[in-house]
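Below are the chains, spelled out letter by letter.
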Amino acid sequence: GSAFHGVRMYDNDEYDVMIELEFRNYMQILVRPDQHRPGMVHLCFKQLDCNHLMEDTLLDHRWYLKHEEIRDVIYSILNDNHDRLVRNGNMDAYRLHCEPRGTCFTITATSVNRQFSIDFVPAIKVRFVGVDLQVVPKSVPGPKRSSGCTFQVQNIRDELYLFEGGGVMIQQAVMLLKALCESKNLRKIRFYHLVSLTLWLMDRDDIKEYSLEYIFLNLLYDLCEALEDNSLPYYLYEELDLISDFKPHELTEYAAVLKKAYMTLKTYPYQENLSYERCSWHFF
């Protein structure tokens, strides 16, 4: 999440946690790309020793892991905390509330003086293309026969390592771009879009040679191009298009808004009498 990547913009007490499930002999799980859903994979457990409970509840007839059943397991564990009263180190009492939300499960803790929430995202640890990474259970449109066994590829550890290598200036550029998107009400642009966009820029250019304004404007330009081309590959698994769920009218609208902002902002470095108010309205 944004806190983990060092690009948290608000002190809003909302956090993201990935729950990584590791099966014994996980390296023997066969990870098979979905031919009809680029960026998605199926997990075949045929080479693993599985007990009858797992065979009957978590696997289909082809030994493929079913994503809804994995989600049910995680939900049953987290939901045991629903309505529970817990205390922190200062003995403040918090009431917990658990609910499923999309691909995650949210636990909200409420006390007399504070409320915070954590989104828990379940993931399976696998070995794929020679690397240990995570796959997240996710439903994606496509052929019905394989629709219940789809998982989305992610590589959070390498992503974080590479992103941190960009330093503070990269973090600031991403935060500026996210602020710009929010000020324009482009809510569908998320931090994970901008992180991959940044990693592609770092791969292409030696960003240590450039200023914050240069990095920001290049990221903005690249985002415009990605929306116009309807393609933003995940840096660590190019088969996954991060904007494949955008509708055509959203792509057109977002690209137009950001292109207009880019055409204006790229002139600012050359204006000597630029006021703070004239610049800041793009971001707040």
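These numbers were taken from a predicted model, which means no experiment stands behind them.

Conventions we followed
Throughout this description, residue numbers start from 1 for each chain and increase along the sequence as written. A pLDDT threshold of at least 70 governs which residues receive local features in this predicted model, and a stricter bar of 80 or more applies before side-chain atom pairs are shown or counted, although totals over entire chains, interfaces and linings include all residues. Each side-chain value is derived from all of the structure's non-hydrogen atoms; neither hydrogens nor water enter the calculation. Comment: axis = line fitted to C-alpha atoms, over the contacting stretch for helices; angle = value between 0 and 180 degrees taken between N-to-C directions. Secondary structure elements follow DSSP: runs of H or I of four or more residues count as helices, runs of E of two or more count as strands, with numbering from the N terminus. Roughly parallel means an angle under 35 degrees; roughly antiparallel means over 145; roughly perpendicular covers 65 to 115; every other angle is labelled oblique. Left-handed describes a crossing whose near helix is turned anticlockwise from the far helix through less than a right angle; right-handed describes the clockwise counterpart. Whether two residues touch is decided by their heavy atoms; if any such pair falls within 4.5 Å, the residues are in contact. Residue classes follow a fixed rule: Ala, Val, Leu, Ile, Met, Phe, Trp, Tyr, Cys and Pro count as nonpolar, while Asp, Glu, Lys and Arg count as charged, and any other residue, Gly among them, counts as polar. Residue types Ala, Val, Leu, Ile, Met, Phe, Trp, Tyr and Cys, when buried and joined through side-chain atoms within 4.5 Å, form a set referred to as a nonpolar core. Burial classes follow relative accessibility: with a 1.4 Å probe on protein chains only, a residue under 20% of its type's maximum area counts as buried, one over 50% as exposed, and anything between as partly exposed. Here a pair means two rings of Phe, Tyr or Trp (six-membered ring of Trp) with centres within 6.5 Å. Their orientation is stacked below 30 degrees between planes, edge-to-face above 60, and tilted elsewhere. Charge over a ring is defined by NZ of Lys or CZ of Arg lying within 6 Å of the ring centre and within 35 degrees of the ring normal. Put simply, the grid is 1 Å and covers the protein atoms alone, a cavity is a trapped set of points that fit a 1.4 Å probe, a pocket is an open set with protein on both sides within 12 Å along at least five of seven lines, and lining residues have an atom within 4 Å of a point. Grid points are joined across faces, edges and corners, and a volume is the space filled by probe spheres set on the points.

Asker: Looking at this structure, I do not really get the packing of helix H4 (residues 167-183) against helix H6 (residues 212-229). What am I missing?
Answerer: If you want to describe how two helices pack, look at the angle between their axes and the distance between the axes. Two elements in contact, H4 and H6, have axes whose closest approach is 9 Å; the angle formed by their N-to-C orientations is 50 degrees. As judged from the angle between their axes, H4 and H6 are oblique. Judged by the sense of rotation from one axis to the other, the crossing of H4 with H6 is right-handed. Every residue of H6 that contacts H4 at Met169, Ile170, Gln172, Ala173, Val174, Leu176, Leu177, Leu180 and Cys181 is listed here: Leu212, Ile215, Phe216, Leu219, Leu220 and Leu223. Looking at side-chain class alone, the contact of H4 with H6 contains 14 nonpolar, one polar and no charged residues.

Asker: What's the story with the nonpolar core in this structure? I'm lost.
Answerer: Core analysis: the biggest nonpolar cluster contains 64 residues, and Leu43, Phe45 and Leu65 have the highest contact counts within it. No other element matches H6, which puts nine residues into this core. Look past the residues within four positions of Leu43 in its chain and what remains in contact with it is Ile29, Leu30, Val31, Trp63, Tyr64, Leu65, Ile124, Val126, Val135 and Phe151. Membership of the second largest hydrophobic core comes to nine residues, among which are Ile74, Leu96, Ala109 and Phe120.

Asker: Please explain the packing of aromatic side chains as it appears in this structure.
Answerer: Here the distance between the centres and the angle between the planes together describe a pair of aromatic rings. Throughout the structure, instances matching the rule amount to eight aromatic pairs. Each ring, one from Phe246 and one from Tyr254, has its centre 5.8 Å from the other, and the planes form 85 degrees; the classification is edge-to-face. Of the two residues examined, Phe246 and Tyr254, each falls in the buried class. Note that Lys178 overlies the ring of Phe191, its terminal NZ or CZ placed 5.4 Å from the centroid. One cation-aromatic arrangement involves Lys188 over Phe246; the distance from NZ or CZ to the ring centre is 5.1 Å.

Asker: Please clarify how the layout of surface pockets should be interpreted in this entry.
Answerer: Gaps left between atoms show up when a probe the size of a water molecule is rolled over them. The computed volume of the second largest pocket comes to approximately 300 Å³. In terms of lining residues, the second largest pocket is bounded by 14 residues, among which Phe23, Arg24, Asp49, Cys50 and Met54 are the most central. Tallied by class, the residues present in the lining of the second largest pocket amount to seven nonpolar, five polar and two charged.

That is the geometry; function is a separate question.
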